[in-house]
Amino acid sequence: MKLSAIHHVAIIVSDYEAAKDFYVNKLGFEVIRENYRENRGDWKIDLQVGDGHDAIELEIFVEPNPPERVSRPEACGLRHLSFRVDDVEAAVMELQQLGIECEPIRTDEYTNKKMTFFFDPDGLPLELHE
C-alpha cells in the first residue's frame, strides 16, 4: 500500500457559529459542504484548505457537549494542526487584526523556519509554519 497524501483532518468543536466564524470568516477556508445530521443532532462542516492537488479537507463536527480537551499538548492523540504560510510575520499581523492572539514567533530548531502558535475557539492549538 502506498499512501499518497492526507485527504482530511477531522476536529470536534463545541459551537457552530464560533467555529464557522473562526475557520471560514477569519482564516478564509472555503465551505465545501455543510450538513445537519438529524440522526445525531449535530452539524458537520467540510472545509477546503489550499488549492488543487495540494488541497486537503478540514472536517468540523459540531458536538453540543464534547468532553474537555486534554490540557497538555503531549497527551496521546492530535497535538496540533499546522498550516504552511509563505510569511509567518505577515500572517501573524493579519491574525492580530482579526483579534486572534499568537504566541511569539520563533525558529523551529529542526527546519530552521519561522513558526508560531495560536488557538481556535475551543483551545485547539494551530501552528503557522514557513
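Here, the structure is the one placed above.
Trainee: I tried to follow the sheet that holds strand 5 (residues 81-84) on my own but got confused; where do I start?
Mentor: Sheets are built from strands that pair by backbone hydrogen bonding, the pairs being arranged parallel or antiparallel. Taken together, the four strands give an open sheet; going across it, the order is 5-8-7-6, and neighbouring strands pair in mixed fashion. The strands lining the two open edges of the sheet, one partner per strand, are strand 5 and strand 6 (106-107). The strands touched by helix 2 (residues 88-97) within the sheet are strand 7 (114-119) and strand 8 (125-129), with strand 7 carrying the most contacts at an inclination of about 20°.

Trainee: Explanation requested: the side chain of Asp46 in the structure shown.
Mentor: Along the chain, Asp46 turns up in strand 3 (residues 42-49). Classification of Asp46 by relative accessible area gives buried; the value is 1%. The contacts of Asp46, once residues within four sequence positions are left out, are Glu30, Val31, Ile32, Arg33, Glu57, Leu58 and Glu59.

Trainee: Honestly, the layout of surface pockets in this entry has me stumped. Any pointers?
Mentor: If a probe as big as a water molecule is rolled over the atoms, it shows which places are left empty. Of the pockets and cavities examined, the largest pocket occupies roughly 850 Å³. In this structure, the largest pocket is lined by 27 residues; those nearest its centre are Phe29, Val49, Gly50, Phe83 and Arg84. Breaking the lining of the largest pocket down by element, the ones donating at least two residues are strand 3, strand 4 (56-62), strand 5 and helix 2. Sort the elements by how many residues they give to the lining of the largest pocket and strand 5 lands first, with four residues. Looking at the lining of the largest pocket residue by residue, the classes come out as 15 nonpolar, four polar and eight charged. The computed volume of the second largest pocket comes to approximately 410 Å³. Ile12, Pro67, Glu68, Arg69 and Asp122 are the residues nearest the centre of the second largest pocket, which is lined by 15 residues in total. A per-class count over the lining of the second largest pocket returns nine nonpolar, two polar and four charged.

Trainee: Would you take a moment to explain the packing of aromatic side chains for this structure?
Mentor: Tallied over the entire structure, the rule returns six aromatic pairs. Here the aromatic rings of Phe22 and Tyr23 are separated by 5.0 Å at their centres, their planes lie at 85°, and the arrangement is edge-to-face. Across this residue pair, the class does not change: Phe22 and Tyr23 are buried. A network of ring pairs unites the aromatic residues Phe22, Tyr23, Phe29, Phe83 and Phe118 as a single cluster.

What counts and how
- Residues numbered from 1 in each chain as written.
- Predicted model: local features only at pLDDT ≥ 70, side-chain atom pairs only at ≥ 80, totals over all residues.
- Heavy atoms only, no water.
- Pairing = 2+ DSSP bridges.
- Helix = DSSP H or I, 4+ residues; strand = E, 2+ residues; numbered from the N terminus.
- Contact = heavy atoms within 4.5 Å.
- Axes fitted to C-alpha atoms, helices over the stretch in contact; angles between N-to-C directions.
- Buried < 20%, exposed > 50% of the residue type's maximum accessible area, 1.4 Å probe, protein only.
- 1 Å grid on protein atoms, 1.4 Å probe; cavity = no way out; pocket = protein on both sides within 12 Å on 5 of 7 lines; lining within 4 Å.
- Points joined across faces, edges and corners; volume = space filled by probe spheres on them.
- Nonpolar A, V, L, I, M, F, W, Y, C, P; charged D, E, K, R; others polar.
- Phe/Tyr/Trp six-rings, centres within 6.5 Å; stacked < 30°, edge-to-face > 60°.

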